[in-house]
Amino acid sequence: TDYGLFPGIVGLIRDTRPEAEIGCAYTWPVIGCLYEQQAANWNYRATEDRQLTDSICCYLHDKRPLFTFISFAQPDGAGHQYGWESAEYQAKCREIDAYVGRIVQTVRDTDLADKTAIIFTSDHGGTGKGHGGKTMLEMESPFVICGPGIKQGFHIEESVMVYDCAATIAHMLGIEIPQVWRGRPVDSIFE
């Protein structure tokens, strides 16, 4: 199906699993322009990260989706305003960590844990109050994944790019990766 965007993971899941429950939620408004909203059952833009967390936890509990995308505005906002690694940035990291903990607990409480993989990543790093340059501080970002069939305590040695997330998700769902994607599954993470 043509959603008017470069083919992404949300549209790919919808096209291959038409009955799937798919939810996407975010606080930074630009995120809504970057995925195929028509392919999701639920699109939600929160005004702040606590509200986003509350809504996601309710959604997970009520709908038990096949795929959920969640994008927090922080700690990015604090990094741009106060500087990466500032005390304010670190405080926002701890706040987001608590929100992620609530989401993980909801996954456990709804008996989704035995069939749910969670990927935690970022679109960029930073230096000073910005990003976009060619330093490793700006280009490196985390790729953390846990769930059934994923090696525990494993350190990924090979390069992982942001666009490898979608390819890894497609691989986990048994969906063929479109030829036009540059991403590849991070195969080393699987048991």
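Structural data are supplied above this passage.
Just so you know, these numbers come straight off a predicted model, no measurement behind them.

Novice: How do you make sense of helix α6 (residues 164-172) when you look at a structure like this?
Specialist: Every α-helix winds through 3.6 residues per turn, so residues three or four apart in the chain are directed the same way. Counting buried positions along α6 yields 7 of 9 residues, so the element is predominantly enclosed. For α6, the full list of buried residues reads Asp164, Cys165, Ala166, Ala167, Thr168, Ile169 and Ala170. Next to the buried residues of α6 lie α1 (9-16), β3 (67-71), β4 (118-121) and β5 (143-146). Backbone geometry just downstream of α6 places Gly174 in the positive-phi region, at approximately 70°.

Novice: Explain the side chain of Arg14 here, please?
Specialist: By secondary structure assignment, the location of Arg14 is in helix α1. For the buried Arg14, no salt bridge is present, and the opposite-charge side chain at shortest range is Glu21, 6.4 Å distant.

Novice: What is the right way to look at the nonpolar core in this model?
Specialist: Looking at soluble globular proteins, one finds that nonpolar side chains tend to be buried together. Of all hydrophobic cores here, the largest spans 21 residues; its most connected members are Ile9, Val10, Ile13, Ile22, Phe67 and Trp181. Listing elements by their share of this core, those giving two or more residues are α1, β1 (22-26) and α6. Residues within four places of Ile9 in sequence aside, it is in contact with Glu36, Phe67, Ala166, Ile169, Ala170 and Trp181. Tyr44, Cys57, Ile103 and Val104 belong to the second largest nonpolar core, which has 15 residues in total.

Novice: Looking at this structure, how should I read the state of the cysteines?
Specialist: Where two cysteines share a covalent bond between their sulfur atoms, that bond is called a disulfide. Inspection of the entire model under this criterion finds 0 disulfides. With no disulfide of its own, Cys24 lies 13 Å from the sulfur of Cys33, the closest cysteine sulfur. Using a relative accessible area of 0% as the deciding quantity, one classes Cys24 as buried. Free cysteine: Cys57, not disulfide-bonded; nearest cysteine sulfur from Cys58 at 7.2 Å.

Novice: I'm lost on the pairing of β5 in this one. Help?
Specialist: Residues in a regular strand point their side chains to alternate faces of the sheet. Residue alternation in β5 divides its side chains into a buried set, Phe143 and Ile145, and an unburied set, Val144 and Cys146. Pairing of β4 with β5 involves 4 bridges; the strand directions are antiparallel. Residue Ile118 lies in a different strand from β5, and its bridge partner there is Cys146.

Novice: Can you help me understand the packing of aromatic side chains in this one?
Specialist: Geometrically, a pair of aromatic rings is defined through the distance of the ring centres and the angle of the planes. Evaluation of the coordinates by the stated rule reveals 6 aromatic pairs. On the basis of an interplanar angle of 75° and a centroid distance of 6.3 Å, the ring pair of Tyr26 and Tyr35 is categorised as edge-to-face. The exposure class of Tyr26 is buried, given its relative accessible area of 7%. By relative accessible area, which is 8% here, Tyr35 ends up buried. Members of the aromatic cluster, connected to one another through ring pairs, are Tyr26, Tyr35 and Phe69. The lysine or arginine in question, Lys151, covers the ring of Phe154, its NZ or CZ lying 4.5 Å from the ring centre.

Novice: Sorry, what's going on with the pattern of salt bridges here?
Specialist: It is possible for side chains of opposite charge to pair when their charged atoms get near one another. The final tally for this structure, using the stated rule, is 3 salt bridges. Linking Asp164 and Arg184 is a salt bridge whose minimum nitrogen-to-oxygen distance equals 3.3 Å. Of the two residues, Asp164 is situated in helix α6 and Arg184 in the segment after α6; the sequence distance between them amounts to 20 residues.

Novice: In this structure, what is going on with the sheet that holds β3? I would like to understand it.
Specialist: In sheet architecture, strand pairing relies on hydrogen bonds along the backbone and comes in two forms, parallel and antiparallel. Spatial ordering of the open sheet is given by β2-β1-β3, a layout of 3 strands whose pairing is parallel. Each end of this open sheet is capped by a strand with a single partner; those strands are β2 (42-45) and β3. Going from strand to strand, the sheet's axes swing by 5° on average, the running direction of each strand aside. The pairing of β1 with β2 spans 4 bridges and is classified as parallel. If you follow Tyr26 over to β2, its bridge partner there is Arg45.

Procedures and definitions
Residues numbered from 1 in each chain as written. Predicted model: local features only at pLDDT ≥ 70, side-chain atom pairs only at ≥ 80, totals over all residues. Heavy atoms only, no water. Buried < 20%, exposed > 50% of the residue type's maximum accessible area, 1.4 Å probe, protein only. Helix = DSSP H or I, 4+ residues; strand = E, 2+ residues; numbered from the N terminus. Contact = heavy atoms within 4.5 Å. Lys, Arg positive; Asp, Glu negative; His and termini not counted. Salt bridge = Lys/Arg side-chain N within 4 Å of Asp/Glu carboxyl O. Core = buried A, V, L, I, M, F, W, Y, C linked by side-chain atoms within 4.5 Å. Disulfide = S-S within 2.5 Å. Pairing = 2+ DSSP bridges. Phe/Tyr/Trp six-rings, centres within 6.5 Å; stacked < 30°, edge-to-face > 60°. Lys NZ or Arg CZ within 6 Å of the ring centre and 35° of its normal. Axes fitted to C-alpha atoms, helices over the stretch in contact; angles between N-to-C directions.

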